[in-house]
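# Commentary on secondary and tertiary structure
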Amino acid sequence: MNWLEVVGWIGSVLVVVSLMQARVLRFRVLNLAGAAIATVYNVVIDVWPFAAMNGAIAVIDVYWLWRLLRERHDEAAYEVVEVAPDDAYLQRVLDVHAADIARFAPSPVVRPTSAAGAAGAGATAAFLVVRGDETVGVVQLRDEGARTARVLLDYVTPRFRDFTPGEFVYRRSGVFRERGFDRLVVEPLATNRDYFRRVGFAPGADGTWTRAVAAA
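So, here is what we can say about the structure in this document. Just so it is clear, the model here is predicted, and its values are computed rather than measured.

### What about the packing of helix 1 (residues 3-18) against helix 2 (residues 24-44)?
The N-to-C vectors of helix 1 and helix 2 enclose an angle of 150°; their axes lie 8 Å apart at closest approach. Between helix 1 and helix 2, the interaxial angle falls into the category roughly antiparallel. Remark: the crossing between helix 1 and helix 2 carries left-handed chirality. The residues of helix 2 that touch helix 1, namely those facing L4, E5, V7, G8, I10, G11, L14, V15, V17 and S18, are F27, L30, N31, A33, G34, A35, I37, Y41 and V44. The residue makeup of the contact of helix 1 with helix 2, split by class, is 13 nonpolar, 5 polar and 1 charged.

### With respect to helix 1
The terminal C-alpha atoms of helix 1 lie 23 Å apart, and with 16 residues this matches the ideal 22 Å at 1.5 Å per residue to within 8%. Among the residues of helix 1, L4, G8, G11 and S18 are the ones counted as buried. Looking down the long axis of helix 1, one finds its buried residues gathered within 95° of arc, a one-sided arrangement. Those residues of helix 1 that are exposed and angled more than 90 degrees off the buried face are W3 and W9. Structurally, helix 1 contributes buried residues whose contacts are with helix 2.

### Focus: the packing of aromatic side chains
In total, this model carries 6 aromatic pairs according to the counting rule given. Ring geometry for Y63 versus W66: centroids 6.1 Å apart, planes at 40°, classification tilted. Taken together, the positions of Y63 and W66, both in helix 3 (residues 48-70) and 3 residues apart, correspond to about one turn of that helix. Ring centres of F196 and F201 lie 5.4 Å apart, and the angle between their planes is 90°; on these two criteria the pair is classed as edge-to-face. Cluster of aromatic residues (ring-pair linked, three or more members): Y170, Y195, F196 and F201.

### Thoughts on the pairing of strand 4 (residues 148-156)
Counting buried positions over the 9 residues of strand 4 gives 9, a clear majority of the element. Bridge analysis of strand 3 (residues 134-145) against strand 4 gives 8 bridges, and the strand direction is antiparallel. Paired with V138 across the bridge in strand 4 is Y155. In textbook terms, the turn of a hairpin is the stretch between consecutive antiparallel strands, and for strand 3 and strand 4 this stretch comprises 2 residues, one of which, A146, has a positive phi near 55°. Where strand 4 lies against strand 5 (residues 183-186), 3 bridges are found, and the strand directions are parallel. In the sheet register, T148 faces strand 5, and the bridge partner there is R183.

Cut-offs applied
- Residues numbered from 1 in each chain as written.
- Predicted model: local features only at pLDDT ≥ 70, side-chain atom pairs only at ≥ 80, totals over all residues.
- Heavy atoms only, no water.
- Axes fitted to C-alpha atoms, helices over the stretch in contact; angles between N-to-C directions.
- Helix = DSSP H or I, 4+ residues; strand = E, 2+ residues; numbered from the N terminus.
- Parallel < 35°, antiparallel > 145°, perpendicular 65-115°, else oblique.
- Left-handed = near helix turned anticlockwise from the far one by under 90°.
- Contact = heavy atoms within 4.5 Å.
- Nonpolar A, V, L, I, M, F, W, Y, C, P; charged D, E, K, R; others polar.
- Expected span 1.5 Å × (residues − 1).
- Buried < 20%, exposed > 50% of the residue type's maximum accessible area, 1.4 Å probe, protein only.
- Arc of directions from axis to C-beta.
- Phe/Tyr/Trp six-rings, centres within 6.5 Å; stacked < 30°, edge-to-face > 60°.
- Pairing = 2+ DSSP bridges.

Structural data, given as structure tokens:
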């Protein structure tokens, strides 16, 4: 096998690996790399139909990467919907993703009854982050008293885990102000500390991370 065949195999492997990815951004990056290599390989060996096909795939991947990265922090691309803590659809989302959520939740997932939606210490609030008609994230909070809310869950579905859709919940500071909160706290796992840092939380001496609620 010469070096040219090795390059061709690398392109093929990258395309196959890309098809195994659940994360939409990672899929596009790997697929683009594989398609670009395959395009060059097929041009060199004069297999023009496959060169044209892979070239077209590479162009499509570039377009979608540009669009995905442009919308990464675009509030117009995502919407935050507050739902009742015992909302049936929320419970369905938690059930479907239960095993995956267990890897990322800073504390056990809360499944409150309707009584838990009352105001005051101990009350919970829930938000869905949606993109079009697809739910891409869930954030749950609990009133800790002293104008503080604890983040019980900040979960992003695997397809959008390379993004930070949960940030749009924290941007809507008016939601927290309306509930009387000045501060958010969370105890992140080692696996999601970088995420909480990116959305504005800072570590404290006691292991609890905090984020001030900006004035509305």
